[in-house]
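Fold and geometry: a report
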Amino acid sequence: MTGRLELDESGRVVGSHGDPVDLGPVVAPVPRPPGPAARVVVPVLRRHRRGLVVAGAGALGAAVLVTSVLGRAPEPEPVVALDLSNAILAGNSIGGPEVGPDGRLSVAFAAQAPPGTRIAVTGLVGPGLGASTVDAPVVDDSGLARVSAAAPLDCTDPALVTAQPRDYGLTVRATASSGRSAEGLVPLTRTLPGGRDVTRLNLAVADWCLARASVEVLSVSATPVPGLPLADLAVQVRNTGSQPLAVATQRASGAVLDIDLSADVVVAPGGEAVLATRTALRDCTAVPSLDPLSDLPNPRGDGPGLTLRLSSAGSYTLRSVPVPGAEALGRRLGNGLCSGAPRTSAALVDVRRVATTPGSWRLRATLSVRTDGVGVRVGRERFVGPAAGAGSFLGVEADARPASAWDARPARLDGGAGIVAVDLPGGRCADLPVLSPGVLALRVVTADGGIHPVEVPLDDERLIRAAYAACAAPVSGTELRERGWPSRLRGLPGGVGA
């Protein structure tokens, strides 16, 4: 039978539904004997009860101490950094480094430390710098402080050849408000995107050292390229100075020979190297020769020579030096590149002005060309692109900046003879009083596929008179004679001045 008992808060029955069930007396629990582990541990705990209480209290205190330490704010770390800008050295009008005649570099900065940090500047370091001296207070965040540094230059440092602005910096000792300190380097270059370098000490050091560099050309050998007006050159050079240099031939257009840019070769002091470059012949009607040093930049010596490019730390200078055996080299190039060159002539048939902006002039000239070849290309070829061996090529660029008022645009004549129209770029009317005759660059193709460059004179008086007519300016024959224009006036063609 089932039923329900209702109990009060004390557990007494206050009511029931159905027949109550007698649960009988409460049975007392039967005690269990202690196990083997308890028989060992319990007596020990009773004997050392006081010590265990003390140990527990100590552990609790240690836990509280560790929690307190871990919860405390960490001491600030020193920040190795400076906000730098150029300051002006005494006696100068603008900021930036300066190298004195004794080869000692000086530079000044306006500096400010990060909040909560004090900075002591201890030195100026970088490729090509000797032991430095610093004049500066301890820099903090209260305002700009002036930092001056100086160091002697060491041009013999091998690291100077490839030095960059980021390789230079100030050595510092930073101290935080907590008293903790750290040493480090503050580079003289910005780290933010788009930031500018504070100063480019690499260029200041390199410029001073390059001005004192010295090189020489020991020999030049040439290997003609069959069928082309080109020859490979091997230029042996020696570094006669006390500093390592990156040396290359400079790309240059000469009177008869053009020289290509070569790849840089690092040459140690007293060392030698071979520069691989090329030369292009401009005119087979002239004897090939290198330009005289007097016509080249920064010459050292006399006679025919080459211009070399000397580089270090991102800076460069040009140095033109003599070439031993230059005359023999010219003869070898002439024999190798111009053998079997066709006869070529060109005469002006007509010239007309081309509409242009006020104050300037342009012309279109019609020429009668005769050669022994099978085709003619008009236009000046030049070395363009990267260095020799890295993708440079000899070609005519239709959109290249004209080298002169008579630098004809590219044109083509199929066959060995015929009429060809060429556009002459002209120039400003204000430059007409100093304009001299020019040349027309032709490349004649022969039946065997060979290419021979020829330059014919553009000295017909009708050309210069057409230029003056385009500018509505008068000119006398006497003035033209004095400027090298021969008297060939046979009556102006109908197109002149039209």
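The present account deals with the structure reproduced in this document. Remember, it's a predicted structure, so these values are computed and weren't measured experimentally.

Side note on the overall build of the protein
When helices and strands are tallied, the protein shows six helices and 28 strands. Buried positions account for 39% of the 498 residues belonging to the protein. Taking the contacts inside the protein whose residues are at least 6 apart along the sequence as the reference set, 62% of them involve residues at least 24 apart.

Description of the sheet that holds strand S20 (residues 344-354)
Spatially, S20-S21-S26 is the arrangement adopted by the three strands of the open sheet, whose pairing is antiparallel. The strands lining the two open edges of the sheet, one partner per strand, are S20 and strand S26 (417-428). Pairwise comparison of adjacent strand axes, ignoring direction, gives a mean angle of 25° for this sheet. With 10 bridges joining them, S20 and strand S21 (residues 360-371) adopt antiparallel strand pairing. Paired with Ala347 across the two strands is Ser368, which belongs to S21.

A short note on the pattern of salt bridges
Inspection of the entire model under this criterion finds 17 salt bridges. Here Arg364 ties to Asp423 by a salt bridge, and the two come within 2.7 Å at their closest N and O atoms. Taken together, the residues span a long stretch of sequence, with Arg364 in strand S21 and Asp423 in strand S26 at a distance of 59 residues. Residue classification places Arg364 among the partly exposed positions, given a relative accessible area of 43%. Among the ionic pairs, Arg481 bridges to Glu461, the shortest N-O distance being 2.6 Å. With Arg481 in helix H6 (residues 477-482) and Glu461 in helix H5 (residues 461-470), this residue pair connects regions lying 20 residues apart in the sequence. Arg481 sits in the partly exposed class, given a relative accessible area of 32%. With a relative accessible area of 2%, Glu461 lands in the buried category.

A word on the environment of Thr249
Relative to the helices and strands, Thr249 is located in strand S13 (residues 245-249). For the pair formed by Thr249 and Ser262, sequence separation is 13 residues and the distance between their alpha carbons is 5.3 Å. Setting aside chain neighbours within four positions, we find Thr249 in contact with Val235, Ile259, Asp260, Leu261, Ser262, Leu275, Thr277, Thr307 and Leu308. Looking at Thr249, its side chain comes within polar contact range of the main-chain oxygen of Asp260, at 3.0 Å. In terms of polar contacts, Thr249 uses its side chain to reach the side chain of Thr277, at 3.2 Å.

Some thoughts on the nonpolar core
Within soluble globular proteins, side chains that are nonpolar generally end up buried alongside one another. Trp361, Trp406, Val422 and Leu424 are the most contacted members of the largest nonpolar core, which totals 35 residues. At the level of secondary structure, the elements contributing two or more residues to this core comprise S20, S21, strand S22 (375-378), strand S25 (411-414), S26, strand S27 (438-445), strand S28 (451-458) and H5. One finds Ala113, Ala163, Ala206 and Ala313 within the second-largest nonpolar core, a separate group that totals 34 residues.

Basis of the calculations
- Residues numbered from 1 in each chain as written.
- Predicted model: local features only at pLDDT ≥ 70, side-chain atom pairs only at ≥ 80, totals over all residues.
- Heavy atoms only, no water.
- Helix = DSSP H or I, 4+ residues; strand = E, 2+ residues; numbered from the N terminus.
- Buried < 20%, exposed > 50% of the residue type's maximum accessible area, 1.4 Å probe, protein only.
- Contact = heavy atoms within 4.5 Å.
- Pairing = 2+ DSSP bridges.
- Axes fitted to C-alpha atoms, helices over the stretch in contact; angles between N-to-C directions.
- Salt bridge = Lys/Arg side-chain N within 4 Å of Asp/Glu carboxyl O.
- Polar contact = N/O pair within 3.5 Å; in protein donor to acceptor, adjacent residues only side chain to side chain.
- Core = buried A, V, L, I, M, F, W, Y, C linked by side-chain atoms within 4.5 Å.

Shape descriptors only; they carry no functional weight alone.
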